[in-house]
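Tertiary structure, described
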Amino acid sequence: MTRRVCVIGWPVAHSRSPLIHNHWIAEHCIPDARYELLAVKPEDAAETIRHLHKLDFIGANVTVPHKETAFAALERHDAVAGRLKAVNTIVTLEDGALEGRNTDGYGFIANLKAGARDWRASEGPAVMLGAGGAARAIALALEEEGVPEIRIVNRTVERAQALIRDLGLTSARACSMDEAEAALDGAGLLVNTTTLGMKGESDVDLDLARLPRDAIVTDIVYTPLETGLLRRARLAGHEVVDGLGMLLHQAVPGFEAWFGVRPHVTEELRNIVLADIGQAK
């Protein structure tokens, strides 16, 4: 029997998840396994997710706009998905039930540690730009990692305040865009969680002069691989971490849960994905 897994989204053709997971399936010589795309309209998402087994899938990834729908459709969740109220990974438990998990924050932290090996959560505050869905997962991951203070900068302060309140974060505070440069004082990490800097979008407009030289700068955008923010930070002497690794690392826990093998994020895999998005080195 073929072990089928899919990524559910709308649209979903752009997803690189099949490229990543099918590479690992081949690398680990896993027989009768296949990872597929499954385009599902929003009005059909909840029903599709609840009946994955009837469609012969043992699990799935979930991408926009279905992450919150997946949370509501499933009765079981891991602790992280429970707090975020969003699911990006679905696995089959031993009793046959489906469980929703969220590995976005794991992927962010794993990428940060791989790209900046000297980073320590306890070394200083983190400044986050943005308060959207990605920011929620990253803020929670940073607090659980032990970052002493998280300064969430957002155009709408109320949205940043809502994020803090919804997740019950105890080490976070909301900042307006007018406070963004002051928020950089003493920070050990700067994270862009917005789409600013992505191809077709305007760049992050932030003067980095007040950011300590030893602070690390990272961006969840990976098209282009080096965003304007990362380029300016690199030229100013900061260690930078691009966003591609978050995509790769967030896939690891799901693959292990579905197929019983823990894969590794390698330079070969990075280059395969970079070639697919036209940024091969």
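Report on the accompanying structure.

What counts and what doesn't
- Residues numbered from 1 in each chain as written.
- Predicted model: local features only at pLDDT ≥ 70, side-chain atom pairs only at ≥ 80, totals over all residues.
- Heavy atoms only, no water.
- Buried < 20%, exposed > 50% of the residue type's maximum accessible area, 1.4 Å probe, protein only.
- Helix = DSSP H or I, 4+ residues; strand = E, 2+ residues; numbered from the N terminus.
- Pairing = 2+ DSSP bridges.
- Axes fitted to C-alpha atoms, helices over the stretch in contact; angles between N-to-C directions.
- Contact = heavy atoms within 4.5 Å.
- 1 Å grid on protein atoms, 1.4 Å probe; cavity = no way out; pocket = protein on both sides within 12 Å on 5 of 7 lines; lining within 4 Å.
- Points joined across faces, edges and corners; volume = space filled by probe spheres on them.
- Nonpolar A, V, L, I, M, F, W, Y, C, P; charged D, E, K, R; others polar.
- Core = buried A, V, L, I, M, F, W, Y, C linked by side-chain atoms within 4.5 Å.

Let us look at the pairing of strand β3 (residues 57-62). Walk down a regular strand and you will see the side chains alternate between the two sheet faces. The buried fraction of β3 is high, at five of six residues. Where strand β1 (residues 3-9) meets β3, five bridges bridge the pair, whose relative direction is parallel. For valine 7, the partnering residue across the bridge sits in β3 and is asparagine 61. Taken together, the two bridges between β3 and strand β5 (residues 89-92) define a ladder with antiparallel strand orientation. Within β5, the position partnered with asparagine 61 by the bridge is threonine 89.

Take the sheet that holds strand β8 (residues 150-153) next. With parallel pairing, six strands are arranged side by side in an open sheet as β9-β8-β7-β10-β11-β12. Sheet topology places β9 (172-175) and β12 (239-241) at the edges, where each strand pairs with a single neighbour. Each strand axis lies, on average, 20° off the axis of its neighbour in the sheet, ignoring direction. Here strand β11 (residues 216-219) pairs with β12 via three bridges, running parallel. From the neighbouring strand, valine 217 faces β12, where its bridge partner is valine 240. Its contacts with the sheet put helix α6 (residues 133-145) on β7 (126-129), β8, β9 and β10 (189-192), and the angle it makes with β7 is roughly 170°. Along the sheet, helix α9 (residues 228-235) contacts β10, β11 and β12; its crossing angle with β11, the most-contacted strand, is approximately 165°.

Each pocket or cavity is described by its volume, and for the second largest pocket that value is around 240 Å³. Around the second largest pocket, the lining residues are Asn111, Ala114, Gly115, Val240, Val241, Asp242, Gly245, His249, Val265, Thr266, Glu267 and Arg270. If you list the elements that add at least two residues to the lining of the second largest pocket, you get α5 (104-115), β12, α10 (244-249) and α12 (267-276). Residue contributions to the lining of the second largest pocket peak at three residues, all from α5. When grouped by side-chain class, the residues that make up the lining of the second largest pocket number four nonpolar, five polar and three charged.

With that settled, consider the nonpolar core. By size, the foremost hydrophobic cluster in this structure holds 33 residues, and its most contacted members are Phe108, Trp119, Met128, Leu142 and Ile152. Of all the secondary structure elements, the ones that give two or more residues to this core are α5, β7, α6, β8, α7 (157-167) and β10. The biggest single contributor to this core is α6, with seven residues. Not counting residues up to four positions away in its chain, the partners in contact with isoleucine 152 are Met128, Gly130, Ala131, Ala139, Ala160, Leu163, Ile164, Ala172, Arg173, Ala174 and Cys175. With 23 residues, the next largest nonpolar core counts Val12, Ile25, Leu244 and Leu248 among its residues.

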